[in-house]
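Survey of secondary and tertiary structure
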Amino acid sequence: MNLISDILYWISTGLLVPVIVLLIILFCRAIILAGSFYGQYLSIRKTEALLRNELNKLTPDTVGELGSNLPENSRSLVIMYMRQVLDARDTPAQVQRLLANFEIAADKDLAISKTLTKLGPILGLMGTLIPMGPALAGLASGDIASMAYNMQIAFATTVVGLVAGAVGFLTQQVKQRWYLQDMTNLEFISELLNDKRSINKTTEK
């Protein structure tokens, strides 16, 4: 039994360094994500009011003119897909494919936020529990310095893991709302294009 306990102790202790390295990587990625999230927020603020005004006055007759009113050289994902949907207006299957591709692109952008949300607290908890063994051993042997060092590692990894998870959670929640609104706008344009095609067929008859 002692041998099994020793093996488990060695395994858990050996995982401490990889856990700390992964936490540092996740924390750095969280900082990068926060910066890109802020840039994305500024971009959305610039285009949101314009899109709202354009879509509010859009009709099946004027939907074809939307492309000329969209911001040029915009790096916004929804603007790019709006242009592609308008270019494929005569091919309903292609429009549906573009809508599906937008969902995939949005989910890909959310992937890092989801990863931080899940892995941050998990690695933080592992980084908390692993040093507790050596800390208790140090307490039992009277080595207060060793116990204090291991407790410091435990608290630090907890904080870093929770911060990374919090950044991931907040960005995921906000981005999901953004992409839901964008998907709604794209589907609205798609429906208007369908209405326009129906009107044209009726007129031809």
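Parameters and conventions
- Residues numbered from 1 in each chain as written.
- Predicted model: local features only at pLDDT ≥ 70, side-chain atom pairs only at ≥ 80, totals over all residues.
- Heavy atoms only, no water.
- 1 Å grid on protein atoms, 1.4 Å probe; cavity = no way out; pocket = protein on both sides within 12 Å on 5 of 7 lines; lining within 4 Å.
- Points joined across faces, edges and corners; volume = space filled by probe spheres on them.
- Nonpolar A, V, L, I, M, F, W, Y, C, P; charged D, E, K, R; others polar.
- UniProt positions renumbered as here; feature names shortened; annotations may be inferred.
- Helix = DSSP H or I, 4+ residues; strand = E, 2+ residues; numbered from the N terminus.
- Phe/Tyr/Trp six-rings, centres within 6.5 Å; stacked < 30°, edge-to-face > 60°.
- Buried < 20%, exposed > 50% of the residue type's maximum accessible area, 1.4 Å probe, protein only.
- Expected span 1.5 Å × (residues − 1).
- Bend = angle between axes of the 7 residues up to and from the residue.
- Axes fitted to C-alpha atoms, helices over the stretch in contact; angles between N-to-C directions.
- Left-handed = near helix turned anticlockwise from the far one by under 90°.
- Contact = heavy atoms within 4.5 Å.
- Salt bridge = Lys/Arg side-chain N within 4 Å of Asp/Glu carboxyl O.
- Patch = residues over 30% accessible without salt bridge, like charges linked within 9 Å, V, L, I, M, F, W, Y side chains within 5 Å.
- Areas by Shrake-Rupley, 256 points an atom, 1.4 Å probe, with all protein chains shown as cover.
- Lys, Arg positive; Asp, Glu negative; His and termini not counted.
- Charge placed at Lys NZ, Arg CZ, Asp CG, Glu CD.

Bringing the layout of surface pockets into the picture now. Of the pockets and cavities examined, the largest pocket occupies roughly 730 Å³. As for the largest pocket, its lining consists of 26 residues, and the residues nearest its centre are Gln40, Ser43, Ile44, Ser76 and Leu77. By residue class, the composition of the lining of the largest pocket is 9 nonpolar, 9 polar and 8 charged.

Moving on: the UniProt feature "transmembrane region" (unreviewed entry) in the chain. The feature "transmembrane region" (unreviewed entry), as given by UniProt, occupies residues 15-38, 122-141 and 153-171 in the numbering adopted here. Between the first and last C-alpha atoms of residues 15-38 the distance is 34 Å; the span itself is 96% helix and 0% strand.

This part is about the packing of aromatic side chains. Going through the model one piece at a time under the given rule, you end up with 3 aromatic pairs. Aromatic side chains Tyr81 and Phe102 sit 5.4 Å apart centroid to centroid with 75 degrees between the ring planes, which places their arrangement in the edge-to-face category. Residue Tyr81 is found in helix 4 (residues 77-87), and its partner Phe102 is found in helix 5 (residues 92-129); the two are separated by 21 residues along the sequence. For the residue pair Tyr81 and Phe102, the accessibility class agrees, reading buried in each case. Grouping aromatic residues by their ring pairs yields a cluster made of Tyr81, Phe102 and Tyr179.

What follows is about helix 2 (residues 16-56). Helical geometry: 3.6 residues make up each α-helical turn, so side chains three or four residues apart lie on a common side. With 41 residues, helix 2 should cover 60 Å at 1.5 Å per step; its first-to-last C-alpha distance of 56 Å lies within 8% of that length. Along helix 2, the sharpest change in direction is near 30 degrees and occurs at Thr47. Regarding helix 2, the residues found buried are Leu16, Val19, Leu23, Leu26, Ala30, Leu33, Phe37, Thr47, Leu51, Glu54 and Leu55.

We now examine the packing of helix 2 against helix 5. Interaxial distance between helix 2 and helix 5 falls to 10 Å at its minimum, and their mutual angle equals 145 degrees. In terms of crossing hand, the pair formed by helix 2 and helix 5 is left-handed. Packed against helix 2, whose contacting residues are Val19, Leu22, Leu23, Leu26, Arg29, Ala30, Leu33 and Gln40, the element helix 5 presents Asp109, Ile112, Ser113, Leu116, Leu119, Gly120, Leu123, Gly124, Met126 and Gly127 at the interface. Looking at the contact of helix 2 with helix 5 residue by residue, the class counts come to 11 nonpolar, 5 polar and 2 charged.

Time to look at the pattern of salt bridges. Applying the stated criterion to the full structure yields 4 salt bridges. The shortest N-O distance in the salt bridge between Arg52 and Glu48 comes to 3.3 Å. Taken together, the residues Arg52 and Glu48, both in helix 2 and 4 residues apart, mark about one turn of the helix. In this structure, Lys114 and Asp107 form a salt bridge, with 2.8 Å as the shortest nitrogen-oxygen distance.

Among the surface-exposed residues, Leu3, Ile7, Trp10, Ile11, Leu15, Leu119, Ile122 and Met126 lie close enough to one another that they form a single nonpolar patch of about 750 Å² accessible area. Sorting the residues of the nonpolar patch by element identifies helix 1 (2-14) and helix 5 as the ones contributing at least two each. Here the nonpolar patch gets 4 residues from one element, more than from any other, and that element is helix 1. Position of Trp10 relative to the elements: it lies in helix 1. According to the relative accessible area criterion, Trp10 is exposed, its value standing at 55%.

A cluster of acidic side chains, namely Glu103, Glu187, Glu191 and Asp195, defines a negative patch on the protein surface. Tallying contributions element by element places helix 7 (residues 144-204) first for the negative patch, with 3 residues. Relative to the assigned elements, Glu191 resides in helix 7. Given the relative accessible area of 47%, Glu191 is considered partly exposed.

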